[in-house]
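# Summary of the model geometry
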Number of protein chains: 2
Amino acid sequence: MTLIPKSHPRAKSLLIREKLVSGFDNGLVAKEGLLAQGRGEAFDYLLGEKTNQAAKRAIKAAAAQLLQAQKPVISVNGNVAALCPKEIIRLSKQIKAKLEVNLFYTNEKRKQAIIKTLKKNGVKEILGTNSANSTKLPGIDSARRIVDKDGIFAADVVVVPLEDGDRTMALRNAGKTVITFDLNPLSRTSQTANITIVDNVTRAIELLISESKKLTKRNEKSLEKIISDFDNKKNLTENVIQIKNNLTRRARVA
Amino acid sequence: MTLIPKSHPRAKSLLIREKLVSGFDNGLVAKEGLLAQGRGEAFDYLLGEKTNQAAKRAIKAAAAQLLQAQKPVISVNGNVAALCPKEIIRLSKQIKAKLEVNLFYTNEKRKQAIIKTLKKNGVKEILGTNSANSTKLPGIDSARRIVDKDGIFAADVVVVPLEDGDRTMALRNAGKTVITFDLNPLSRTSQTANITIVDNVTRAIELLISESKKLTKRNEKSLEKIISDFDNKKNLTENVIQIKNNLTRRARVA
């Protein structure tokens, strides 16, 4: 139950925050996840708390990339499970991707809470849950390199919403195509991924689902054109410019 | 005990984060305090994680304002108690200000933890602890308006580090001169306060102490000159420009 009035100028942002805090109370989200959400809030505020044109182009490229993938996998962490469990499951069905629970701050209890939430939201199969089936990603320190043999390890395209820089780099080094959601266009994750959606995951995921639906009937060649037309560095620069323009506008208003 | 190597490019920021997380574990910091820290981290990152010239000017004006005050009070919340308890006590001694515990998210247990921390760090008297001595600040909703009759209520100058916009406004409406620390130069708190120090409180507080020491022997007229020469709106605009320049620089490097 929320007490935030709909009229509040930042009601949506506060509702997202409430979801995350409730995810923390339910054992899904780590303390570090609350801090990360705070960082995201600041960048979302600077981006104007809406999906911009650059993000829409990144979403289209991501949809094409996912439809073209042979073995797409979506990595799920605590913040994602708290913010948009239903949507992440719908996305996985739409693009026929596997889901893998993969935590930055490993914690068995938290992992179980995440699995429970995903199951409650209708998921059938979740990878990353059987330690006998786990293996190691090279080039990253021990606790964070564990992945599922049939999931991220075997994947050609990996969606890592709200990921950290080291792991994004390790995934790239392992030859994966990486799609990420990151509100900071300058972060290492943003700069390292193949496709960075600079948007709030709770807004962008709906658009990614509908875009994937829209592109389903496109042929291989058409999808490849969309992917090759997309320039991640250029897209990130556009987002930086967007933030700068918003700063100018807000500073004038204030 | 920290595991963060000194060589890490963002070691200082991570150490500050550790202090706050440990404050959370010790019951000083609210969940919302972790989120607020995250937002601060993002702005600090954009400000280059250092005290800029504009902040130094705001610190000088704040020192003059505090030395000139008749009844200065420093408001202490959970994040401040977790991040810099010793420094806030040293500041209060330097400028002969009272300390008042005043929480955005009221919680008796947390209040007691904060008082315990301040006492452990050598404080003698803390206001805001005796409910028989409390009164209400007008123009703000119930839970957050409680202040101490001999503290904030009677003060002419109030230091509110890491404050929210509504309360800053209520303090201004009650005729107080408000000095704040806020890393977001566009926040309502920043825009509403008389003097906004756009800097990380853990860096700025040391400078505020030394600046107060330096200005101790100045006469009334000289202090007033420093205060009247300071333009908060202009200072905030300079901070916005600083962020924009840093974005340009970082975007080029990335």
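Reading the values: the criteria
- Residues numbered from 1 in each chain as written.
- Chains lettered and ligands numbered in written order.
- Predicted model: local features only at pLDDT ≥ 70, side-chain atom pairs only at ≥ 80, totals over all residues.
- Heavy atoms only, no water.
- Helix = DSSP H or I, 4+ residues; strand = E, 2+ residues; numbered from the N terminus.
- Rg over C-alpha atoms; globule rule 2.2 N^0.38 Å.
- Buried < 20%, exposed > 50% of the residue type's maximum accessible area, 1.4 Å probe, protein only.
- Contact = heavy atoms within 4.5 Å.
- Areas by Shrake-Rupley, 256 points an atom, 1.4 Å probe, with all protein chains shown as cover.
- Lys, Arg positive; Asp, Glu negative; His and termini not counted.
- Charge placed at Lys NZ, Arg CZ, Asp CG, Glu CD.
- Axes fitted to C-alpha atoms, helices over the stretch in contact; angles between N-to-C directions.
- Parallel < 35°, antiparallel > 145°, perpendicular 65-115°, else oblique.
- Nonpolar A, V, L, I, M, F, W, Y, C, P; charged D, E, K, R; others polar.
- Left-handed = near helix turned anticlockwise from the far one by under 90°.
- Phe/Tyr/Trp six-rings, centres within 6.5 Å; stacked < 30°, edge-to-face > 60°.
- Lys NZ or Arg CZ within 6 Å of the ring centre and 35° of its normal.
- Least-squares fit on C-alpha atoms with pLDDT ≥ 70 in both.
- Core = buried A, V, L, I, M, F, W, Y, C linked by side-chain atoms within 4.5 Å.
- Arc of directions from axis to C-beta.
- Buried area = accessible area lost by both parts, 1.4 Å probe.
- Salt bridge = Lys/Arg side-chain N within 4 Å of Asp/Glu carboxyl O.
- Polar contact = N/O pair within 3.5 Å; in protein donor to acceptor, adjacent residues only side chain to side chain.
- Pairing = 2+ DSSP bridges.

### What about the overall build of chain A?
The helix and strand inventory of chain A stands at eleven helices and seven strands. In terms of overall dimensions, chain A is globule-like: its C-alpha atoms have a radius of gyration of 18 Å, near the 18 Å expected for 254 residues. Principal-axis analysis of the C-alpha atoms gives chain A an extent of 55 × 45 × 35 Å. Residues classed as buried in chain A amount to 56% of the 254 residues present. Summarising the internal contacts of chain A: among those between residues at least 6 apart in sequence, 64% fall at separations of at least 24. Total accessible area computed for chain A in this model is approximately 11800 Å², and 52% of it derives from carbon and sulfur atoms. The average position of the 45 basic charges and that of the 26 acidic charges among the side chains of chain A differ by 3 Å.

### Quick notes on the packing of helix α1 (residues 11-25) of chain A against helix α2 (residues 31-46) of chain A
Residues and elements named next belong to chain A. In contact at an axis separation of 10 Å, α1 and α2 are set at 170° when each is read in the N-to-C sense. By the angle between their directions, the pair α1 and α2 is classed as roughly antiparallel. Touching Ser-13, Ile-16, Arg-17, Leu-20, Val-21 and Phe-24 of α1 are Lys-31, Gly-33, Leu-34, Gln-37 and Glu-41, all from α2. For the contact of α1 with α2, the per-class residue count stands at five nonpolar, three polar and three charged.

### Considering the packing of helix α5 (residues 85-94) of chain A against helix α9 (residues 201-215) of chain A
All names here are of chain A. Between α5 and α9, the shortest axis-to-axis distance is 10 Å and the interhelical angle comes to 20°. Regarding the angle of α5 to α9, the classification is roughly parallel. Seen from above, α5 lies across α9 with left-handed handedness. Taken together, the residues of α9 that come into contact with α5 (itself represented by Glu-87, Ile-88, Arg-90, Leu-91 and Gln-94) are Ile-205, Glu-206, Leu-208, Ile-209, Ser-212 and Lys-213. Class assignment for the residues of the contact of α5 with α9 results in five nonpolar, two polar and four charged.

### Remarks on the packing of aromatic side chains
Per the counting criterion, the structure on display carries three aromatic pairs over all chains. Each ring, one from Phe-24 of chain A and one from Phe-24 of chain B, has its centre 5.7 Å from the other, and the planes form 75°; the classification is edge-to-face. Note that Phe-24 of chain A is positioned in helix α1 and Phe-24 of chain B in helix α1 (residues 11-25), a pairing that runs across two chains. The burial state of Phe-24 of chain A is the same as that of Phe-24 of chain B; both residues are buried. On the basis of an interplanar angle of 75° and a centroid distance of 6.3 Å, the ring pair of Tyr-45 of chain A and Phe-43 of chain B is categorised as edge-to-face. Here Tyr-45 of chain A is found in helix α2, whereas its partner Phe-43 of chain B is found in helix α2 (residues 31-46) on a different chain. Over the ring of Tyr-45 of chain A we find Arg-250 of chain A, and its NZ or CZ is 4.1 Å from the ring centre.

### Here we look at the relation of the copies chain A and chain B
Least-squares fitting of chain A to chain B yields an RMSD of 0.0 Å, with the transformation described by 0.0 Å of translation along the axis and a rotation of 180°. On this basis, the relationship between the two copies can be described by a two-fold rotation axis. Looking at the interface residues of chain A, 100% of them are also at the interface in chain B, so both copies use one shared face.

### Some words on the nonpolar core
Leu-118, Ile-197 and Leu-208 of chain A together with Leu-118 of chain B are the most contacted members of the largest nonpolar core, which totals 106 residues. What Leu-208 of chain A contacts, discounting residues up to four positions off in sequence, is Ile-59, Ala-62, Ala-63, Leu-66, Leu-91, Phe-181 and Ile-197 of chain A. Ala-42 and Leu-247 of chain A together with Leu-186 and Val-240 of chain B belong to the second-largest nonpolar core, a separate cluster that totals 24 residues.

### Side note on the environment of Ile-115 of chain B
Residue and element names in this part refer to chain B. By secondary structure assignment, the location of Ile-115 is in helix α6 (residues 108-120). According to the relative accessible area criterion, Ile-115 is buried, its value standing at 7%. Distance from Ile-115 to Glu-125, taken between C-alpha atoms, is 9.8 Å for residues ten residues apart in sequence. Here Ile-115 is in contact with Val-101, Ile-126 and Thr-129, once residues within four sequence places are set aside.

### Focus on helix α10 (residues 220-229) of chain B
Residues and elements named next belong to chain B. Of the positions making up α10, those classed as buried are Leu-223, Ile-226 and Ile-227. Down the axis of α10, the sector holding all buried residues measures 95°, keeping them to one side. Turned more than 90 degrees away from the buried face of α10, the exposed residues are Lys-221, Ser-228 and Asp-229. Contact partners of the buried residues in α10: α3 (53-68) and α9 (201-215).

### Some words on the environment of Ala-30 of chain A
Residues and elements named next belong to chain A. Within the secondary structure, Ala-30 sits in the loop between α1 and α2. Taking the relative accessible area as the measure of exposure, Ala-30 reaches 13% and is therefore buried. For the pair Ala-30 and Thr-106, spaced 76 residues apart in the sequence, the C-alpha separation amounts to 9.6 Å. Among all residues touching Ala-30, those that are not within four sequence positions of it are Phe-24 and Arg-110.

### Description of the interface of chain A and chain B
On the chain B side, the residues contacting the 27 residues of chain A number 27 residues. With both sides pooled, the region where chain A packs onto chain B buries about 2600 Å², and carbon together with sulfur makes up 74% of that total. Across the chain A-chain B interface, the total number found is four salt bridges. A salt bridge links Glu-41 of chain A to Arg-39 of chain B, with the shortest nitrogen-to-oxygen separation between them at 2.7 Å. If you look at where chain A meets chain B, you find eight residue pairs in polar contact (both at pLDDT 80 or more). For the side of chain A that touches chain B, the elements supplying multiple residues, two or more each, are α1, α2 and α11 (232-253) of chain A. For the side of chain A that touches chain B, the element with the most residues is α2 of chain A, which contributes eleven residues. Tallied by class, residues from the side of chain A that touches chain B come to 14 nonpolar, six polar and seven charged.

### Structural notes on the sheet that holds strand β5 (residues 157-161) of chain B
All names here are of chain B. One open sheet accounts for five strands, arranged β2-β1-β5-β6-β7; its pairing is parallel. Edge positions in the sheet fall to β2 (98-101) and β7 (195-197), since each of these pairs with one other strand and no more. Strand after strand, the sheet turns through a mean of 20° between neighbouring axes, direction not considered. Strand direction decides the pairing type here: β5 and strand β6 (residues 177-181), joined by five bridges, are parallel.

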